[in-house]
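# Residue-level structural notes
What follows is each chain in one-letter form.
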Amino acid sequence: ARILGRDRLLVFTPKMHEKARGAMETLMDLRQAMEKDELILFYQPIIQIPDEKITGVEALIRWKHPHRGMVSPAEFIPIAEETGLILSMGKWILKKACTDIKALNDLHPKKPITLSVNLSSKEFANTELFEQIRQTLAETGFQPELLKLEITESVVMGNAEAAVITLNKLKEIKVRISIDDFGTGYSSLSYLHRFPADSLKIDRSFIRRMHLGGENLEIVRTIVTLGKALKMEITAEGVETAEELAMVQELDCPCVQGYYFARPMPLKELNTSHFFHPLI
Ligand code: C2E
Ligand code: CA
Ligand code: CA
Ligand code: CA
């Protein structure tokens, strides 16, 4: 099919058509997914290196589609963002995650863990975000000190002034901020000290290339040094092998997250895992 615009010709190939229809179907299904309880939160442990104990979890959404099986958030989060559906979805995610991890911490009161929740740019631009977070904390009884909001550099850079205001308000109520995928954005260094972030997560792309040595290793070393100088917590993302673990350990990176220690898992599995029931 061809569509003539005012001054240009758009040609739809069968493949484009297929793709557009796929996205449309995904969107229509996604609208109902929340009501049908098809969205599930998984939790991936974050480990502190010296003693290899769990220090927190990151909530990661999954969609159990009736026909397509598990759909990756990489596929549906962008659609939810474009359509604004992310606002109600994000609200649900925060409340569910706070409720789940509050219950978990109540079972293990001696070592409460932190909860990291991802925020996308649409959510961050929402003027009701702060109030929504404050209210969710009040409703669920989740300790603000244990909540870490993960935002990427581009989310912050998109609206730097408004971002600083929101971040400062969150800081006032003791909620923590992590910069996700650190190193993949631009101008990281020039603005970093101006943002009230408490932690950095080193993007997996750097961790994966560390074994090549040279500048790859030096980038990770520099991020760790920088984070420490700014008194930030630092987590290496996507550590998959013993070799990668040894390297981040060598660089004195305090926390790791990755398949080497654990994959994202349902709450029930986390609760019964060796992280809470050491095999001694
Ligand atoms: P992210 O925030 O950077 O999350 C880390 C991703 O790396 C997760 O993918 C996680 O499962 C994966 N991962 C962790 N360890 C390893 C490892 O050792 N090796 C490899 N290869 N991968 C590892 P996931 O769950 O598919 O999520 C993809 C992205 O979708 C996230 O990237 C985040 O940007 C977005 N996302 C996921 N859940 C949410 C959510 O609840 N809200 C929002 N706004 N975005 C979310
Ligand atoms: Ca994240
Ligand atoms: Ca990340
Ligand atoms: Ca990432």
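What you see is a predicted model; the values in this text were computed from it and never measured.

Turning our attention to the coordination of the calcium ion (ligand 3). Those protein atoms acting as donors to the calcium ion (ligand 3) are Asp180 (OD), Asp181 (OD), Glu237 (OE) and Glu237 (OE), and they sit at 1.9 to 2.7 Å. Counting the intervening residues between successive donors of the calcium ion (ligand 3) yields the motif D-D-x55-E. Here the calcium ion (ligand 2) and the calcium ion (ligand 3) are spaced 3.8 Å from one another, each receiving a donor from aspartate 180.

Time to look at the site of ligand 1. Taken together, the neighbourhood of ligand 1 is formed by 21 residues, with Gln44, Arg62, Asn118, Glu240 and Tyr259 sitting nearest. Within the side chain of glutamate 58, an N or O atom sits 3.3 Å from an oxygen atom of ligand 1. Residue aspartate 181 places a side-chain N or O atom 3.3 Å away from an oxygen atom belonging to ligand 1. Computed on the free molecule, ligand 1 has an accessible area of 800 Å², of which 81% lies beneath the protein chains in the complex. Those elements giving two or more residues to the shell around ligand 1 turn out to be strand E4 (53-65), helix H2 (73-83) and strand E8 (176-182). Among the elements that take part in the shell around ligand 1, E4 stands out by supplying 4 residues, more than any other.

This part is about the environment of serine 154. As for its placement among the helices and strands, serine 154 is situated in helix H6 (residues 153-158). Side chain to side chain, serine 154 and threonine 152 meet in a polar contact 3.2 Å long.

This brings us to the packing of aromatic side chains. Considering all chains together, one arrives at 2 aromatic pairs under this definition. With centroids separated by 5.0 Å and ring planes inclined at 85°, the aromatic side chains of tyrosine 260 and phenylalanine 261 adopt a geometry described as edge-to-face. Tyrosine 260 gets classed as partly exposed once you look at its relative accessible area, which sits at 37%. By relative accessible area, phenylalanine 261 is classed as buried at 18%. The ring of tyrosine 259 has arginine 263 sitting right over it, with the charged end atom 3.8 Å from the ring centre.

Let us now look at the packing of helix H3 (residues 86-107) against helix H5 (residues 129-140). Packing of H3 against H5 brings their axes to within 10 Å, and their N-to-C directions diverge by 30°. What the angle tells us is that H3 and H5 run roughly parallel. Crossing geometry of H3 relative to H5 is assigned as right-handed. Contacts between H3 and H5 involve Lys91, Leu94, Lys95, Cys98, Thr99 and Lys102 from the former and Gln132, Ile133, Thr136, Glu139 and Thr140 from the latter.

Okay, helix H11 (residues 242-250) next. Of all the residues in H11, the buried ones are Glu244, Leu245, Met247 and Val248. The buried residues of H11 occupy one face: seen down the axis, they fall within an arc of 165°. Looking one or two places after H11, you find aspartate 252, whose phi comes out positive at around 70°.

This part is about the nonpolar core. The biggest cluster of nonpolar side chains holds 79 residues, and the ones touching the most others in it are Leu115 and Leu147. For this core, the element with the highest residue contribution is H3, accounting for 8 residues. What leucine 115 contacts, discounting residues up to four positions off in sequence, is Tyr43, Val57, Ala59, Ala97, Cys98, Ile101, Phe142, Leu146, Leu147 and Lys148.

Calculation rules
Residues numbered from 1 in each chain as written. Chains lettered and ligands numbered in written order. Predicted model: local features only at pLDDT ≥ 70, side-chain atom pairs only at ≥ 80, totals over all residues. Heavy atoms only, no water. Donors = N, O, S within 2.8 Å, 3.2 Å for Na, K, Ca; no water. Near = heavy atom within 4 Å. Polar contact = N/O pair within 3.5 Å; in protein donor to acceptor, adjacent residues only side chain to side chain. Areas by Shrake-Rupley, 256 points an atom, 1.4 Å probe, with all protein chains shown as cover. Helix = DSSP H or I, 4+ residues; strand = E, 2+ residues; numbered from the N terminus. Phe/Tyr/Trp six-rings, centres within 6.5 Å; stacked < 30°, edge-to-face > 60°. Buried < 20%, exposed > 50% of the residue type's maximum accessible area, 1.4 Å probe, protein only. Lys NZ or Arg CZ within 6 Å of the ring centre and 35° of its normal. Axes fitted to C-alpha atoms, helices over the stretch in contact; angles between N-to-C directions. Parallel < 35°, antiparallel > 145°, perpendicular 65-115°, else oblique. Left-handed = near helix turned anticlockwise from the far one by under 90°. Contact = heavy atoms within 4.5 Å. Arc of directions from axis to C-beta. Core = buried A, V, L, I, M, F, W, Y, C linked by side-chain atoms within 4.5 Å.

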